[in-house]
Amino acid sequence: MSADAPVVRFAPSPTGRLHIGNARTALFNWLFAKAHTGSFILRYDDTDRERSTERYAQGIAEDLAWLGIVRDRIARQSERIAQYDAAADALRARGLLYPCYETEEELEYRRRRQLALHRPPIYDRAALKLSAEERARLEGEGRRPYWRFRLDHRTVAWNDLVRGAQAIDTASLSDPVLVRADGSYLYTLPSVVDDIDMGVTHVIRGEDHVTNTAVQLALFEALGARAPDFAHHNLLTLPSGEGLSKRLGHLSLEALRDKGYEPTAVAALAVLIGTAHAVEPVTALGDLVGKVDLADISHSAAKFDEAELAALNARTLHQLPFAAVAARLAARGISNAPAFWDAVHGNLEKFSDVDIWAAMISEPVAPPETPSVEDADFLRRAAEKLPEEPWDQDTWARWTEALKVTSGRKGRALFHPLRLALTGREAGPELKQLLPLIGRARALARLRGENG
Ligand code: GLU
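Residues numbered from 1 in each chain as written. Predicted model: local features only at pLDDT ≥ 70, side-chain atom pairs only at ≥ 80, totals over all residues. Heavy atoms only, no water.

Break down the overall build of the protein for me, with residues and values.
The number of helices and strands found in the protein is 18 helices and twelve strands. Taken against the 2.2 N^0.38 rule, which gives 22 Å for 452 residues, the C-alpha radius of gyration of the protein at 32 Å runs more than 25% over that of a compact globule. For the protein, the spread of C-alpha atoms along the principal axes amounts to about 110 × 50 × 35 Å. Here the protein holds 452 residues, and 48% of them are scored as buried. Across the protein, the fraction of contacts at a sequence separation of at least 24, relative to all contacts at a separation of at least 6, is 74%. For the protein, the exposed surface amounts to about 21,500 Å²; the carbon and sulfur share of it is 50%. Averaging the locations of the 57 positively and 63 negatively charged side chains of the protein gives two centres separated by 1 Å. (Helix = DSSP H or I, 4+ residues; strand = E, 2+ residues; numbered from the N terminus. Rg over C-alpha atoms; globule rule 2.2 N^0.38 Å. Buried < 20%, exposed > 50% of the residue type's maximum accessible area, 1.4 Å probe, protein only. Contact = heavy atoms within 4.5 Å. Areas by Shrake-Rupley, 256 points an atom, 1.4 Å probe, with all protein chains shown as cover. Lys, Arg positive; Asp, Glu negative; His and termini not counted. Charge placed at Lys NZ, Arg CZ, Asp CG, Glu CD.)

In structure tokens:
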């Protein structure tokens, strides 16, 4: 990896399972790293000790592995508190991090008053005016300070790799709280410290973080570090327009996996939806590398519809070569697997549908409900004319050509009774491919209505 190879990170807080929108962020990062021979860090933003759990951290690792994302490095913010303390102390020493004592109720009261006066509800920096004695008195009353970062009220500008030129006037923002009264960190400062220490070159994340970026760019500057490039992608919503929530368990990867969707279909939809590209199936995750440029991502939200995933899942299966599924078919004990796959893959919606067709081939098929006298006669003659084995894909044509001549039937009248008797179904894979898989003995029994 060259010195200027990009370093990206996906930084979920382990407070729930990943949903399809989180997968989109993870994939944009991973694909960016792959396309530019860079590296991908999985960073758990787990400073919220109450809501973060090991179970969710493991679940996230499982979800990423299922998608096919391989990380180059893993980090946990909970193990890096000393680094955040050092950065916070450096900011305190320069008066950039200042103690505040207001309760949530006091702040709420002030916000309401500001709104009533038609002023923006921005923190008024009252705590900055406290003298040392006043602070000592408040602490004597048992109040513990929390800490705000003093914004310099300049306009922060950056060239967003998705959204283009961005500018945020930090005078329009409240000084953000970086450290809680219990000494724990909100995500804002640890994220910047990590991005600096880990050499992150590109921060690719959802556009819900645009305002954070203004604050974080000010922090990079305050900590004397060069800031990474930023790219804020559009968010996915439910078909109703409602945002996705990890906490509420919306469209979790776990649930989509349990429903039997292919990881490549989930990944392709998560990446391609809401971009300048058509949603097309891929054979492997690697096929998405280099496909979507950050600049191709739309600026407005994209609706995620499970029906679209179901359709893409089917299209994904329809174009998968046998080699891509050989191990999975073997694991299900399916015999004659290459020919089986050729025959059935165009009829699958979920991979597990292979079981339906495998059973149709090798297990008894219910005889058609009382065929007409003509059809029964036709099937009897068809059984007599069944060629001897060995069978191949031409057997069906040879057999049905001969039946056409002897019976005078053609089209549906010729094929439908045969399909119904041989497969027990109105529709399904092509009979020229199924017939050799069913084999002569079973075909004969089924034509004779013997439940073969
Ligand atoms: N933990 C943050 C989140 O899940 C990370 C945001 C970021 O990528 O900086 O939204």
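Having seen it, we continue.
A description of the sheet that holds strand β5 (residues 146–149) should follow, citing residues and the corresponding values.
Strand pairing in a sheet relies on backbone hydrogen bonds. The paired strands run either parallel or antiparallel. Read across the sheet, three strands follow the order β4-β5-β8 without closing on themselves; strand pairing throughout is antiparallel. In this open sheet, the two strands that pair with only one neighbour each are β4 (97–100) and β8 (177–179). If you compare each strand with its neighbour and ignore which way they point, the axes differ by 45° on average. (Pairing = 2+ DSSP bridges. Axes fitted to C-alpha atoms, helices over the stretch in contact; angles between N-to-C directions.)

Can you tell me about the nonpolar core, naming the residues and giving the values?
By size, the foremost hydrophobic cluster in this structure holds 50 residues, and its most contacted members are Ile20, Ile69 and Val266. At the level of secondary structure, the elements contributing two or more residues to this core comprise β1 (7–10), α1 (20–35), β2 (39–44), α2 (54–67), α8 (253–258), α9 (263–272) and α10 (306–318). Among the elements that line this core, the one with the most residues is α1, at nine residues. Filtering out sequence-adjacent residues up to four positions away, Ile20 remains in contact with Leu236, Leu244, Leu251, Leu253, Leu256, Val266, Ala270 and Phe304. Ranked by size, the runner-up nonpolar core spans 38 residues in total, among them Leu320, Ala337, Phe351 and Ile361. (Core = buried A, V, L, I, M, F, W, Y, C linked by side-chain atoms within 4.5 Å.)

So what's going on with the pairing of β4? Residues and values would help.
Both faces of β4 are covered, namely the face carrying Leu97 and Pro99 and the face carrying Tyr98 and Cys100. Pairing analysis gives four bridges linking β4 to β5, with the strands arranged antiparallel. Residue Cys100 lies in a different strand from β5, and its bridge partner there is Tyr146.

Go over the site of the ligand, please, and point to the residues and values.
Arg9, Ala11, Asp45, Tyr187, Ser191, Arg205 and His209 make up every residue found near the ligand. Here Tyr187 contributes a side-chain N or O atom positioned 2.8 Å from an oxygen atom of the ligand. At 2.8 Å, a side-chain N or O of His209 approaches an oxygen atom of the ligand. Relative to its unbound accessible surface of 300 Å², the ligand loses 79% to contact with the protein. (Near = heavy atom within 4 Å. Polar contact = N/O pair within 3.5 Å; in protein donor to acceptor, adjacent residues only side chain to side chain.)

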